[in-house]
Amino acid sequence: MRTVKAYGATDATGPLVPMEIERRDLLPHDVLIAIDYAGICHSDIHTVRGDWGPIQYPQVVGHEIVGRVVEVGTDVTKHKIGDTVGVGCQSNSCRECEPCRQGQDQYCLKGNTQTYCGLDVDGTITQGGYSQAVVTNEDFVLSIPEGLDPAKAAPLLCAGITTYSPLRHWNVAPGTRVGVIGMGGLGHMAVKIAAAMGAEVTVLSRGTKKKDDALRFGATHYVDTNDTEAMAEMADSLDLIINTVSAGMKITTYLGLLALNGTLVNVGAPNEPFAVPAFALIPRRRSFAGSMTGGIPETQEMLDFCAEHGIHPETELVGADGINEAWERVLNSEVRYRAVIDTHTL
């Protein structure tokens, strides 16, 4: 066992505080990663505050991790000391069920091991990336390719793959008409990736303050969702909509923007259920779907795609003493567009 510095929660309501946590000894196929950067995801806040159910404290969150391999287990073959690597939302799975065998470990039927708030192989609760180091099985460690800036790449391990996966699954290609609801940490990545795939991208967001950014990121159109006339003109016009918003909304408003055979995919995770009348779907054979993150093979594919196309998240680097303020700014939708912790400041 080794002790590392971290920033974590001791309860559901208080601020995050400095603490020390233990990392387990390496098993034969484990990798020890010295963490350099950790993205701040809205999921971190939901988890700590118990929005998705009770958790055990103390809890260190963070599942957008980039660092360097500093030690490897005796049987490791996929990574070597000095490699720049990443860890995303899951850090293990059963490896046996059909989704796992298909490389879709995000849908492990036995429940994959989340990078934080999961059950580790030694029976302890996994602790995340707001820390100096992490021990992870080599099969769940991603290679950060040359061409990606390690200081900016961390959000790709959640925000990037969470939007890339549905875009790939629903076969986005040149000419596909893609709508993106919300342009925060996930939404701005959806815009960049869809545009790089050749899609005609429309951003659907409240107000116009993000319009210039949306167009700069590759969007073709921007619609203020408060503008009822502009929204009405969008009816029956989109092939695929990615909803990145983690808040309740009148989902029928957006289902009405789908063309024949169109699909609205939810990647945001609001607490409130959606009301979906049958006749919002039936007349145009529309679909309402959900999507999680991505499996390890697809996540590596996404990283390589982003490196090839020069896609980086828009990030703000914060030190340890700025984490709590960054959380408040996330809640107030003030971050442009992803806060990343410089873990050297721990």
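First, a word on scope: everything that follows refers to the structure included in this document. Please read all numbers here as calculations on a predicted model, not as lab measurements.

Here's the deal with helix α9 (residues 296-309)
Line of reasoning, step 1. Over its 14 residues, α9 extends 20 Å from the first C-alpha to the last, a length consistent with the 20 Å expected when each residue adds 1.5 Å.
Line of reasoning, step 2. For α9, the set of buried residues is I296, E298, T299, Q300, M302, L303, F305, C306 and A307.
Line of reasoning, step 3. Elements that come into contact with the buried residues of α9 comprise β9 (142-143), α4 (159-169) and α5 (185-196).

A closer look at the sheet that holds strand β11 (residues 200-205)
Line of reasoning, step 1. With parallel pairing, six strands are arranged side by side in an open sheet as β12-β11-β10-β13-β14-β15. Among the strands making up the open sheet, the edge pair consists of β12 (221-224) and β15 (287-290). Taking each pair of neighbouring strands and ignoring which way they run, the sheet shows an average axis angle of 20°.
Line of reasoning, step 2. In this structure, strand β10 (residues 177-181) lies alongside strand β13 (residues 238-243), joined through four bridges in parallel fashion. Bridging across to β13, V178 finds its partner in L240.
Line of reasoning, step 3. Sheet strands in contact with α4 are β10, β13 and β14 (258-266), and its direction is about 155° off that of β13.

So, empty space enclosed by the protein
Line of reasoning, step 1. For the coordinates displayed, the defined rule picks out one cavity of 30 Å³ or more.
Line of reasoning, step 2. In this structure, the largest cavity occupies an estimated 60 Å³ of space.
Line of reasoning, step 3. As for the largest cavity, its lining consists of G88, C89, Q90, L142, L157, I161, T293, G294, I296 and T299.
Line of reasoning, step 4. Across the lining of the largest cavity, the residue classes tally to five nonpolar, five polar and no charged.

Topic: the nonpolar core
Line of reasoning, step 1. Among the nonpolar cores identified, the biggest contains 43 residues, and L148, L156, L167, V191 and I193 are the most heavily contacted of them.
Line of reasoning, step 2. Looking at this core, the elements that each hand over two or more residues are α4, β10, α5, β11, α6 (211-217), β13 and α9.
Line of reasoning, step 3. Aside from chain neighbours lying at most four places away, what touches L167 is V172, V178, A190, I193, A194, M197, L240 and I242.
Line of reasoning, step 4. The next biggest cluster of nonpolar side chains, apart from the first, holds 28 residues, and it includes Y7, L16, V48 and V61.

Description of unusual backbone geometry
Peptide bonds are mostly trans, and most non-glycine residues show a negative phi.
Line of reasoning, step 1. Across the junction of Y57 and P58, the peptide omega takes the value 0°, indicating a cis bond.
Line of reasoning, step 2. Its location among the elements puts P58 in the loop between α1 (42-48) and β4 (65-72).
Line of reasoning, step 3. With an omega of 0°, the peptide bond running from R336 to Y337 counts as cis.
Line of reasoning, step 4. On the secondary structure map, Y337 appears in the loop between α10 (323-331) and β17 (338-342).
Line of reasoning, step 5. A positive phi angle, close to 50°, is found at R285, a residue other than glycine.
Line of reasoning, step 6. Position of R285 among the secondary structure elements: in the loop between β14 and β15.
Line of reasoning, step 7. By relative accessible area, which is 58% here, R285 ends up exposed.

Observations regarding the pairing of strand β16 (residues 315-318)
Line of reasoning, step 1. Looking at chain direction, β16 and β17 are connected through four bridges and run parallel. Of the residues in β17, the one forming a bridge with T315 is R338.
Line of reasoning, step 2. Remark: the β16/α10/β17 crossover connection has right-handed handedness.

Some thoughts on α5
The periodicity of an α-helix, 3.6 residues per turn, causes residues three or four positions apart to be oriented the same way.
Line of reasoning, step 1. The terminal C-alpha atoms of α5, which comprises 12 residues, lie 17 Å apart, in line with the 16 Å expected from a rise of 1.5 Å per residue.
Line of reasoning, step 2. Of all 12 residues in α5, 10 are buried, a share of seventy percent or more.
Line of reasoning, step 3. When we look at burial in α5, the residues that qualify are G185, L186, G187, H188, M189, A190, V191, K192, I193 and A194.
Line of reasoning, step 4. Considering only its buried residues, α5 is in contact with α4, β10, β11, α6, α9 and β17.
Line of reasoning, step 5. Following α5 by one or two positions, G198 adopts a phi angle in the positive range, close to 95°.

A look at the pattern of salt bridges
Line of reasoning, step 1. Tallying each qualifying case throughout the model produces 19 salt bridges.
Line of reasoning, step 2. The residue R338 makes a salt bridge to E64 at a minimum N-O spacing of 2.7 Å. Of this pair, R338 sits in strand β17 while E64 sits in the loop between α1 and β4, placing them 274 residues apart in sequence. Both residues of the pair, R338 and E64, count as buried.
Line of reasoning, step 3. Residues R329 and E334 are paired through a salt bridge, measuring 4.0 Å at the closest nitrogen-oxygen approach.
Line of reasoning, step 4. Owing to a relative accessible area of 40%, E334 belongs among the partly exposed residues under this scheme.
Line of reasoning, step 5. Residues joined in a network through salt bridges with shared partners are R24, D30 and D120.

Rules used throughout
- Residues numbered from 1 in each chain as written.
- Predicted model: local features only at pLDDT ≥ 70, side-chain atom pairs only at ≥ 80, totals over all residues.
- Heavy atoms only, no water.
- Helix = DSSP H or I, 4+ residues; strand = E, 2+ residues; numbered from the N terminus.
- Expected span 1.5 Å × (residues − 1).
- Buried < 20%, exposed > 50% of the residue type's maximum accessible area, 1.4 Å probe, protein only.
- Contact = heavy atoms within 4.5 Å.
- Pairing = 2+ DSSP bridges.
- Axes fitted to C-alpha atoms, helices over the stretch in contact; angles between N-to-C directions.
- 1 Å grid on protein atoms, 1.4 Å probe; cavity = no way out; pocket = protein on both sides within 12 Å on 5 of 7 lines; lining within 4 Å.
- Points joined across faces, edges and corners; volume = space filled by probe spheres on them.
- Nonpolar A, V, L, I, M, F, W, Y, C, P; charged D, E, K, R; others polar.
- Core = buried A, V, L, I, M, F, W, Y, C linked by side-chain atoms within 4.5 Å.
- Right-handed = clockwise from strand over helix to strand, strands pointing away.
- Salt bridge = Lys/Arg side-chain N within 4 Å of Asp/Glu carboxyl O.

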